[in-house]
Structure formats: structure tokens, C-alpha cells
Amino acid sequence: MLKLIHADLYKVFHRAYFYVLSLIVLGLSLVLIFGLHNSSAPFNSASSAIQLATECITYPILLLPCLTDIVMHEEYREHMVKNTLSYGTNRFLLYSAKVLTSVILGVIMMAVALIVYCGSASLILQHDAKFTPLLFREFFARLAAACVVYIACLAMAAFFSTLFSNNALWIFLFYVAFYMSDLLLKLFRLSGGIDYLLKIQVTNIIKNPVSQLTTPIAISLVTLAVFFVAGAVLFRRKDVC
Amino acid sequence: MGEAVIQTMNLTKVYKKFTAVSDLSISVNQGDIYALVGQNGAGKTTLLKMICGLTPTTSGKLMLFGNASASELNQARTHMGTMIETPGFYPYLSAKDNLEYYRIQRGGKDQKAVDHALEFVGLADTGNKKFRSFSLGMKQRLGLALAVMDHPDILILDEPINGLDPMGIKEFREIILRLNQENQTTILISSHILGELSQIATTYGFISKGKLVEHISAEDLKEKCRNFLEIDTDDAQKAAQVLKEQFSISNLEVVDRYTLHVGEQMDESGQFVKALVENGILVSQVYRSGINLEEYFVSLMGGKENA
């Protein structure tokens, strides 16, 4: 599996796409910081930047299909999966490696964004009384919990990507599944299931006290497992060419 | 003749209500160049995909190097190089980067394997040119480079010369022959360009509507496709006797009461006619005949379908 991941990272780092995506994320981070810098008190403080980052925890999900696309779906689109499978590569290993690679790329992108965001916040914005280690600890605790949601979303994206060969369709379904599942459940009078949706877990991670992050993490882990297994089973039976 | 490296036993593939491959059993021996011949939609690609593990089988058994379990088949496939349908590569990477990706993925330790493979297929000078800018011939060559990069014992090629110009076809043929003769690589190749196959194949498998219609060696096929003189007479049996006695012909076949096929001394047709007439046998016509590979294929497929 390490060889598969290594090869995927080699491919990703040999094209501009990932760097451009990372630059966009960097740029957005800096735009936010400079926006705060140019606003009036108390918004131009470093603690406001951290609070804003907490509120923005849901937005990285918008970028996750991009990672799945460059790691996994592109191989379906360019008819390349056959090259790997015909060499005898185990399908489950290949699928797992693809999901893991997209997680690694997400971690890299997040790390870069965080370094730039937090670093520039610390350098450019005013340090107020609320800018304490406790604030950082809480933020990173929420972010760590959100990471489980992100990985579950990547598993969901991998599942849809394997299910549908059409690029626009699987990405559309991913966004519908994440952002509109609550509306669909209400429509079908299944409101009891809303509390288990990933979108709700993200909301809870942002809003609930840090001591109550265990439940969203557990629900996200279950969702991750369900979509990962479903995707792996689907890939195992997929007719490849 | 070496031992069997690829064996299928009653292999079947059914897609919902459509049977693509039905009870197909073939055996490819080590060192063979096995040509899989059939019309479009006959099941050639489906069979190759099953052998390569790209599509699950519905029933039947597949053995590679005598191994049949799923894990053993996967291990055996590491000794296979394949090119199934159109080669697929990353459009934004160069030839070298594309092959390097697979070298890393496969755990290849030889850093020069990529350069050697590109040199072997004549793509060493492509530099940073991206795959998306390659011509069809170059794409086919890169597909072949990937297939041979790890020095496979078996090469599986699905319609590798489609879209190539005559020069490209010639070069492709020379590469295949070199691999087979120098490295004893077993080659399973599917195509419907029969003229090309006839120049390289040692064994043929004719497939129609998912079934194996005929399995035949190149020598036997050559024998079946030989040229002959067809002599139409009023008494073929008597004519055969005369020709045997006077010309010592052994390669002779009485087709029916009036028709005779002579497979040797065909330049002596004038002498044959003279001898037959002198013996009171009426000769209505004499002409050269025979079937080529294409005609043989069409006759096997049962009509004037496209090859």
C-alpha cells in the first residue's frame, strides 16, 4: 500500500493542480486575515481570527471532492485503473490507498493553510486578552474533531466517485448528500435520522462545548466506516476498462 | 512446445441477459504467439479482461502458470504485461513521468527500467512532451512500453495495432517478434487485422459470439489455406488415377464426382489437361484456387460479416 500511496503522491506533486489549489486556500486565508486587519475593533484582534476560523470549519468540505477527483476519479476518467489492476494489485488495497492518499493531501493542504492563517493572525493582528493558549486548544480540539468529519466526507466522495463515472454527477450527489440530506429526510418524514448526518456533526462541533465532541466524532467514524466499506465492495465488483 | 501458461476452462461471462463469453476453453503455451481472432463483439476483449482480472468471471476457471486461487492469480499477474483497448495515461505527464508513476507503484527497483522501456519502443526522445499531445501511434507505443517495462513472461495485447500507420504496424510487429524470439515472451494478441496476425502468430483461436469456434496451429492453418488447381472433369475419380500414375501426384483430393483439387506441380496444368484428354477424360475448366486467411475466417464465421 505504501508504494501505491507513494506513486499517487508522485503524480500529484508533478502537476500544477494541487499547488494551485493550495495557493487558492492560502490566498483565501490571507484575504480573511487582511479583512480582519482592516476592520474595526474588536474584529481586528487575533482572537477574532481564531473564532472566525472556528466558524469556518465547515468550508473545507467544499474542496474535498477536488482531492478525490485528482487521486481517484481521474483514473476512472482516463481509463488507467486497468493498468494497475492487470498487474495483480489487490482491489481493496488500491481503493484504501486512494482514500488514504486523499486524506494525506487534505492534511498537507490544511497544515499549510493553518500555518499561514495562524501565523499571519499572530503577526498582523492585535493580541488581545482573549488570545490565550486555551483559545488555541479549543480551536484545535474542534478542528481535530472536524478532521474526522472531513475523512468521512472523503470516504463518501470516494464512494460516489466509484458509483458514477460521470464527473458532474458524482460531485453533485456528494454535495446533495452533505448539504441537503436533512431536507430530504424531512421530505420523506425521516426526521429522526437528521441528528446522524455529517452536516449536523459539523454544526455541533462548531457550536457545542468542547467536552461534547465525542458524539460527533463517533457518528462521523461510523459514517466513515459505512461509506468506506460500501465503496470498497463496489470497487471490488466494478468492471474496469 | 512449452507448458501452458494461460488456461481457461469453460470460462463464461454474462452481463444481465447478454452472454459475452460462453464456455470458452483455451490453452496458451509458453513461447507461443497466440492470436485471438474474431469479429467486433465476438468476446475477445471480454476474455482478455477476465484473464487480466479487470472483470469478474460468471463461471469457469482461469489458471495462470498453473495457479488458480485469487491470490495466486494476482501474484501471477505481476509477471504479465498488458495493453487492453486504448492505452490510458495521465494527459498532463510526460511519457517518462507516466512510466515512473507505475514503476514506483509496482515497487520496481531498477531506476533505468523506464528509460530502457522508452528506448525499446522508440519513445526515448519525447522529453517533456505531455501525453495529451501524443499521436495515436505514440500512445500505443507508450502502452506497449508500460507492458514490457517489467520484462514480463506473458504479454497480453488487445488490438494493439488499431489506428497505426503501415510503418507503425511494421515496427510493432518487429517489436513483438523480438520479444518472443529474444526473451521467449509468450504473447496473447487479439486483432481483426488478419494479414498482420498471419505474419507473427504460431497458434490461432477463432472466436464467434463468445464461443471458441476453432483452435489451430499456424502450420495447420497454412495447410488449410494452401493454393491448389481445381480441375472440372466428367469423371474426377478416373482423372485422379491418371494424374497419380503419370505425374506421381500425391497431394490430390477428389472433391466430388466432377471436381478434383491438385496441390502440387501446379505449373504443369497444361500437361495435366493433355494427359487427361489423351485418356478420354473431358476437361471443362482448370484454374488456380485457394483460400486466404480472411476467406477462411469468413467461412468459419459463417458468412459475409465484417472481420
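Please read these numbers as outputs of a predicted model, since none were measured by experiment.

### So, the overall build of chain B
For step 1, the next point in the chain: Scanning chain B from terminus to terminus reveals 11 helices and 13 strands.
For step 2, the next point in the chain: For a compact globule of 307 residues, the expected C-alpha radius of gyration is about 19 Å, and chain B comes in at 24 Å, more than 25% above that figure.
For step 3, the next point in the chain: Its C-alpha atoms put chain B at 80 × 45 × 35 Å along the principal axes.
For step 4, the next point in the chain: Looking at chain B as a whole, 38% of its 307 residues are labelled buried.
For step 5, the next point in the chain: Considering only contacts within chain B whose residues lie at least 6 apart along the sequence, 69% involve residues at least 24 apart.

### A look at the domain arrangement of chain B
For step 1, the next point in the chain: Domain boundaries in chain B define domain 1 (4-222) and domain 2 (227-290).
For step 2, the next point in the chain: Placing a centre on the C-alpha atoms of domain 1 of chain B and another on those of domain 2 of chain B gives a separation of 46 Å.

### Some words on unusual backbone geometry
For step 1, the next point in the chain: With a phi close to 55°, Arg 189 of chain A is a non-glycine residue in the positive phi region.
For step 2, the next point in the chain: Here Arg 189 of chain A shows up in the loop between helix H9 (181-187) and helix H10 (198-207).

### Some remarks on the sheet that holds strand S6 (residues 154-158) of chain B
Residue and element names in this part refer to chain B.
For step 1, the next point in the chain: Across the sheet, 6 strands lie side by side as S5-S6-S7-S3-S8-S9; this open sheet has mixed pairing. Edge positions in the sheet fall to strand S5 (80-83) and strand S9 (211-217), since each has one partner strand and no second. Along the sheet, successive strands turn relative to each other by an average axial angle of 15°, direction set aside.
For step 2, the next point in the chain: Of the pairings in the sheet, the one linking strand S3 (residues 33-38) to strand S8 (residues 203-208) comprises 5 bridges and is parallel in character. Bridge pairing in S8 links Tyr 34 to Thr 203.
For step 3, the next point in the chain: Along the sheet, helix H1 (residues 44-52) makes contact with S3, S5, S6, strand S7 (186-191) and S8, crossing S6 at roughly 145°.

### Description of the nonpolar core
For step 1, the next point in the chain: The biggest cluster of nonpolar side chains holds 114 residues, and the ones touching the most others in it are Ala 152, Cys 153, Leu 154 and Ala 155 of chain A together with Ala 145 of chain B.
For step 2, the next point in the chain: By residue number, the principal contributor to this core is helix H7 (residues 133-163) of chain A, which donates 15 residues.
For step 3, the next point in the chain: The contacts of Leu 154 of chain A, once residues within four sequence positions are left out, are Leu 64, Leu 67, Thr 68, Val 99, Ser 102, Val 103 and Gly 106 of chain A.
For step 4, the next point in the chain: Counting residues in hydrophobic clusters, the runner-up holds 10 residues, among them Ala 236, Leu 260, Phe 272 and Ile 281 of chain B.

### Examining the interface of chain B and chain A
For step 1, the next point in the chain: Listed as interface residues are 29 residues of chain B and, on the opposing side, 23 residues of chain A.
For step 2, the next point in the chain: For the side of chain B that touches chain A, the secondary-structure elements that each account for two or more residues are H1, helix H2 (70-77), S5 and helix H3 (95-106) of chain B.
For step 3, the next point in the chain: Per-element tally for the side of chain B that touches chain A: the top contributor is H3 of chain B, with 6 residues.
For step 4, the next point in the chain: Its residues assigned to classes, the side of chain B that touches chain A shows 14 nonpolar, 10 polar and 5 charged.

### Some details on the sheet that holds strand S12 (residues 259-262) of chain B
Residue and element names in this part refer to chain B.
For step 1, the next point in the chain: Taken in spatial order, the 4 strands make up an open sheet running S11-S12-S10-S13, and their pairing is antiparallel. One side of each edge strand has no neighbouring strand; the edge strands of this open sheet are strand S11 (252-254) and strand S13 (283-290). Taking each pair of neighbouring strands and ignoring which way they run, the sheet shows an average axis angle of 20°.
For step 2, the next point in the chain: Of the strands in this sheet, strand S10 (227-233), S11 and S12 touch helix H9 (residues 236-247), which is tilted by about 165° from S11.
For step 3, the next point in the chain: The strands touched by helix H10 (residues 269-278) are S10 and S13; relative to S13, the strand with the most contacts, the crossing angle is about 150°.

### Structural notes on the packing of H3 of chain B against helix H4 (residues 113-121) of chain B
Residues and elements named next belong to chain B.
For step 1, the next point in the chain: One way to put it is that H3 packs onto H4 with a least axis distance of 9 Å and a crossing angle of 130°. Taken together, H3 and H4 sit at an angle that is classed as oblique. The way H3 lies across H4 gives a crossing that is right-handed. In this structure, H3 contributes Ala 95, Lys 96, Leu 99, Glu 100 and Arg 103 to the contact, and H4 contributes Ala 113, Val 114, Ala 117 and Leu 118.
For step 2, the next point in the chain: Of the residues assigned to the contact of H3 with H4, the class counts are 6 nonpolar, no polar and 3 charged.

### A short note on the confidence of the model for chain B
All names here are of chain B.
For step 1, the next point in the chain: Per-residue confidence for chain B averages 89 on the pLDDT scale, and 98% of its residues sit at or above 70.
For step 2, the next point in the chain: Per-element averaging of pLDDT across chain B places helix H11 (residues 293-301) at the bottom with 76 and H3 at the top with 96.
For step 3, the next point in the chain: This prediction of the complex comes with two scores: 0.86 for pTM and 0.89 for ipTM.

### Quick word on the pairing of S8 of chain B
For step 1, the next point in the chain: In terms of residue burial, S8 of chain B counts as a mostly covered element, since 5 of its 6 residues are buried.
For step 2, the next point in the chain: Linking two consecutive strands that pair antiparallel, namely S8 of chain B and S9 of chain B, is a turn of 2 residues; a positive phi of about 50° is found at Lys 209 of chain B within it.

### Examining the packing of helix H6 (residues 91-124) of chain A against helix H11 (residues 214-237) of chain A
Residue and element names in this part refer to chain A.
For step 1, the next point in the chain: The interhelical angle for the contact between H6 and H11, taken along N-to-C directions, is 135°, at an axis separation of 9 Å. By the angle between their directions, the pair H6 and H11 is classed as oblique. When the axes of H6 and H11 are compared, the crossing they make is right-handed. Contacts between H6 and H11 involve Arg 91, Phe 92, Tyr 95 and Val 99 from the former and Phe 228, Gly 231, Ala 232, Phe 235 and Arg 236 from the latter.
For step 2, the next point in the chain: The residue makeup of the contact of H6 with H11, split by class, is 6 nonpolar, 1 polar and 2 charged.

Parameters at a glance
Residues numbered from 1 in each chain as written. Chains lettered and ligands numbered in written order. Predicted model: local features only at pLDDT ≥ 70, side-chain atom pairs only at ≥ 80, totals over all residues. Helix = DSSP H or I, 4+ residues; strand = E, 2+ residues; numbered from the N terminus. Rg over C-alpha atoms; globule rule 2.2 N^0.38 Å. Buried ≥ 20, exposed ≤ 12 C-beta atoms within 10 Å, placed from the backbone. Contact = placed C-beta atoms within 7 Å. Domains from an automatic or database assignment. Pairing = 2+ DSSP bridges. Axes fitted to C-alpha atoms, helices over the stretch in contact; angles between N-to-C directions. Core = buried A, V, L, I, M, F, W, Y, C linked by C-beta atoms within 7 Å. Nonpolar A, V, L, I, M, F, W, Y, C, P; charged D, E, K, R; others polar. Parallel < 35°, antiparallel > 145°, perpendicular 65-115°, else oblique. Left-handed = near helix turned anticlockwise from the far one by under 90°. pLDDT = per-residue confidence, 0-100.

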